[in-house]
Amino acid sequence: RPRVLSGIQPTAGSFHLGNYLGAVRQWVALQETHDAFYMVVDLHAITIPQDPKELRANTRLAVAQLLAAGLDPDRCTLFVQSHVPEHAQLGWVMNCLTGFGEASRMTQFKDKAAKQGADRASVGLFTYPVLQVADILLYQANEVPVGEDQRQHIELTRDLAERFNGRFGETFTIPKPYILKETAKIYDLQDPTVKMSKSASTPKGLINLLDEPKVTAKKVKSAVTDTDTVIRYDVVEKPGVSNLLTILSTLTGAEIPELEERYAGKGYGALKTDLAEVMVEFVTPFKERTQQYLDDPETLDSVLAKGAEKARAVAAETLARTYDRVGFLPAK
Ligand code: AQP
């Protein structure tokens, strides 16, 4: 079986709809066909300041949401990044292989640093794409299921893997991005030209999966569309409507042309009302299942202990080979 690896940050508490449609949904499907490794990336979380108590709680919450979304610990390896120390260890080696200019070109870093303020952005934030390289290479992943915003980091991963292999001998599998065209980028409901993001300028544009279903319905109903009334998929001319169509299509399985036909002559109200209903039907049981997992910390801990053990077995082997290739003296 080909291998996949991906991660999600525990920082915002609730996952948002972009996280789910862009990434987590694919993770659930891929556990049936791939040897799948998924992790909650707490090392990445501390690239911006975190409250320790909240970070711990949000890490548990992230695991509970992944289980609620359908990850099955018998079908995939689910773990917390800091439980596998090899990530930081390989991260260092990768840092030493990365050019300063190369790291400076990462657009995610530039965006996040701008939000933080240049003086406050940490060196950790600067090198987080390189830690991500280590995350992926440790598992010799063939594919990395992510949203469009991560494409540049997968390119960096490929470059560094090739560089290392060229310099030290064949060591790492060269991974490919696994990005579904339809859901690669889910847009903010209030500003459908920017991606839905936890750092959205207004909470009204962001669908948090753990929001009260009533709140979710309201956000959908007040989504920004346009002054026209025609329901047509056209990302350039009608980004708001297109975003709503993408979401409805993905959650219901109906094709976009079928939806265009269904809503012909009906106006935006009908589309929003139906989507609000579909969203409520989706988030209500999701929220309940998440709470059930949170209420059972023993099960959660045992899932994570098993996951970390499985992940470490693979990670330790790759790290040992890498250290040897680099020329580190083996510890006796
Ligand atoms: N809007 C999106 N559309 C499609 N995919 C998305 N992803 C994130 N936003 C969208 C994908 O979700 C996965 C996890 O991303 P993350 O760990 O970076 O989660 P996050 O920090 O909560 O994502 P944000 O909201 O995008 O954070 P900021 O505001 O910090 O930039 C990834 O595979 C990502 O592609």
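Values in this document were obtained by computation on a predicted structure and should not be read as measured data.

1. Brief notes about the overall build of the protein chain
Moving on, step 1. The helix and strand inventory of the protein chain stands at 13 helices and five strands.
Moving on, step 2. A compact globule built from 332 residues should have a C-alpha radius of gyration of about 20 Å, and the protein chain, at 21 Å, falls within 12% of that.
Moving on, step 3. Taken over the C-alpha atoms alone, the protein chain extends approximately 75 × 45 × 40 Å along its principal axes.
Moving on, step 4. For the protein chain, with 332 residues in total, the buried portion stands at 50%.
Moving on, step 5. For the protein chain, long-range pairs separated by at least 24 residues make up 75% of all intrachain contacts whose partners lie at least 6 apart in sequence.
Moving on, step 6. Summed over its atoms, the accessible surface of the protein chain is roughly 15,600 Å², and 53% of this surface lies on carbon and sulfur atoms.
Moving on, step 7. One finds the centroid of the 39 positive side-chain charges in the protein chain at a distance of 3 Å from the centroid of its 43 negative side-chain charges.

2. Structural notes on a nonpolar patch on the surface
Moving on, step 1. Judged by side-chain polarity, Tyr233, Val235 and Val236 come together as a nonpolar surface patch covering roughly 290 Å² of accessible area.
Moving on, step 2. Note that Val235 resides in the loop between α9 (213-221) and α10 (239-252).

3. Considering helix α13 (residues 297-326)
Moving on, step 1. An ideal rise of 1.5 Å per residue puts 44 Å on 30 residues; α13 measures up with 41 Å between its terminal C-alpha atoms.
Moving on, step 2. Where α13 bends most, the angle comes to about 25°, and this point is Arg312.
Moving on, step 3. Taken residue by residue, α13 has Leu300, Val303, Leu304, Gly307, Ala308, Ala311, Val314, Ala315, Thr318, Leu319 and Thr322 as its buried positions.

4. Thoughts on the pattern of salt bridges
Side-chain pairs of opposite charge can arise where the charged atoms are in close proximity.
Moving on, step 1. Applying the stated criterion across every chain, the model contains 16 salt bridges.
Moving on, step 2. Close ionic contact of Glu212 with Lys287 constitutes a salt bridge, the shortest N to O distance being 3.7 Å. Highlighted residues: Glu212 in the loop between β5 (176-178) and α9 and Lys287 in helix α12 (residues 268-294), separated in sequence by 75 residues.
Moving on, step 3. On the basis of relative accessible area, Glu212 is assigned to the partly exposed category, the value being 47%.

5. A few points about the side chain of His87
Moving on, step 1. Checked against the element boundaries, His87 lands in helix α4 (residues 86-95).
Moving on, step 2. If sequence neighbours within four positions are ignored, His87 has contacts with Met39, Leu43, Phe79, Gln81, Leu131, Ala134, Asp135, Leu138 and Tyr139.

6. What about α10?
What sets the pattern is the α-helix's 3.6 residues per turn: residues three or four places apart point alike.
Moving on, step 1. Over its 14 residues, α10 runs 20 Å from end to end, which matches the ideal 20 Å to within 8%, given 1.5 Å per residue.
Moving on, step 2. Along α10, twelve of the 14 residues are buried, which leaves the element largely enclosed by surrounding structure.
Moving on, step 3. In this structure, the buried side of α10 is in contact with α1 (17-30), α11 (256-262) and α12.
Moving on, step 4. Looking one or two residues beyond α10, the residue adopting positive phi is Gly253, at roughly 85°.

7. Concerning the environment of Phe328
Moving on, step 1. By the secondary structure assignment, Phe328 is in the segment after α13.
Moving on, step 2. The exposure class of Phe328 is partly exposed, given its relative accessible area of 40%.
Moving on, step 3. In sequence terms Phe328 and Glu261 are 67 residues apart; their C-alpha atoms lie 64 Å from each other.

8. Some words on the nonpolar core
Buried together is how nonpolar side chains tend to be arranged in soluble globular proteins.
Moving on, step 1. Counting residues in hydrophobic clusters, the biggest one holds 58 residues, and the most contacted among them are Tyr38, Leu66 and Leu78.
Moving on, step 2. Examining the composition of this core, we find that nine residues originate from one element, α12, more than from any other.
Moving on, step 3. Tyr38 has contacts with Val4, Ser6, Gln26, Trp27, Leu30, Gln31, Leu71, Cys76, Thr77, Leu78 and Phe79, leaving out every residue within four places of it along the chain.

9. Details of the site of the ligand
Moving on, step 1. Among the 21 residues in the neighbourhood of the ligand, the closest are listed as Asp149, Lys195, Ser197, Lys198 and Ser199.
Moving on, step 2. Note that an oxygen atom of the ligand is positioned 3.2 Å from one of the side-chain N or O atoms of Asn19.
Moving on, step 3. Look at the ligand: alone it shows 660 Å² of surface, and the protein chains cover 95% of it.
Moving on, step 4. The residue inventory of the shell around the ligand, partitioned by class, reads six nonpolar, ten polar and five charged.

10. Section: the packing of aromatic side chains
Given two aromatic rings, one states the distance between the centres and the angle between the planes to describe the pair.
Moving on, step 1. Scanning the entire structure with this criterion turns up ten aromatic pairs.
Moving on, step 2. Here the aromatic rings of Phe37 and Tyr139 are separated by 5.0 Å at their centres, their planes lie at 35°, and the arrangement is tilted. Taken together, the positions of Phe37 in strand β2 (residues 35-40) and Tyr139 in the loop between α7 (123-138) and β4 (143-145) put the pair 102 residues apart, joining distant regions of the chain.
Moving on, step 3. Relative to Phe126, the ring of Phe109 has its centre 5.0 Å away and its plane inclined at 75°; by these criteria the two rings are edge-to-face. Residue Phe109 is found in helix α6 (residues 107-116), and its partner Phe126 is found in helix α7; the two are separated by 17 residues along the sequence.
Moving on, step 4. Looking at Phe109, the relative accessible area reads 14%, which means it is buried.
Moving on, step 5. On the accessibility criterion, Phe126 (15% relative accessible area) is buried.
Moving on, step 6. Pairwise contacts between aromatic rings join Tyr20, Phe282 and Phe286 into one cluster.

11. Focus: the UniProt feature "binding site: L-tryptophan" (unreviewed entry) in the protein chain
Moving on, step 1. Following the UniProt record, one finds the feature "binding site: L-tryptophan" (unreviewed entry) at Asp135.
Moving on, step 2. Positionally, Asp135 belongs in helix α7.
Moving on, step 3. The class of Asp135 is buried, set by a relative accessible area of 1%.
Moving on, step 4. Residues contacting Asp135, with those up to four places away along its chain left out, are Leu5, Met39, His44, Gln81 and His87.
Moving on, step 5. For Asp135, the side chain forms a polar contact with the side chain of His44, separated by 2.8 Å.

The rules we used
- Residues numbered from 1 in each chain as written.
- Predicted model: local features only at pLDDT ≥ 70, side-chain atom pairs only at ≥ 80, totals over all residues.
- Heavy atoms only, no water.
- Helix = DSSP H or I, 4+ residues; strand = E, 2+ residues; numbered from the N terminus.
- Rg over C-alpha atoms; globule rule 2.2 N^0.38 Å.
- Buried < 20%, exposed > 50% of the residue type's maximum accessible area, 1.4 Å probe, protein only.
- Contact = heavy atoms within 4.5 Å.
- Areas by Shrake-Rupley, 256 points an atom, 1.4 Å probe, with all protein chains shown as cover.
- Lys, Arg positive; Asp, Glu negative; His and termini not counted.
- Charge placed at Lys NZ, Arg CZ, Asp CG, Glu CD.
- Patch = residues over 30% accessible without salt bridge, like charges linked within 9 Å, V, L, I, M, F, W, Y side chains within 5 Å.
- Salt bridge = Lys/Arg side-chain N within 4 Å of Asp/Glu carboxyl O.
- Expected span 1.5 Å × (residues − 1).
- Bend = angle between axes of the 7 residues up to and from the residue.
- Core = buried A, V, L, I, M, F, W, Y, C linked by side-chain atoms within 4.5 Å.
- Near = heavy atom within 4 Å.
- Polar contact = N/O pair within 3.5 Å; in protein donor to acceptor, adjacent residues only side chain to side chain.
- Nonpolar A, V, L, I, M, F, W, Y, C, P; charged D, E, K, R; others polar.
- Phe/Tyr/Trp six-rings, centres within 6.5 Å; stacked < 30°, edge-to-face > 60°.
- UniProt positions renumbered as here; feature names shortened; annotations may be inferred.

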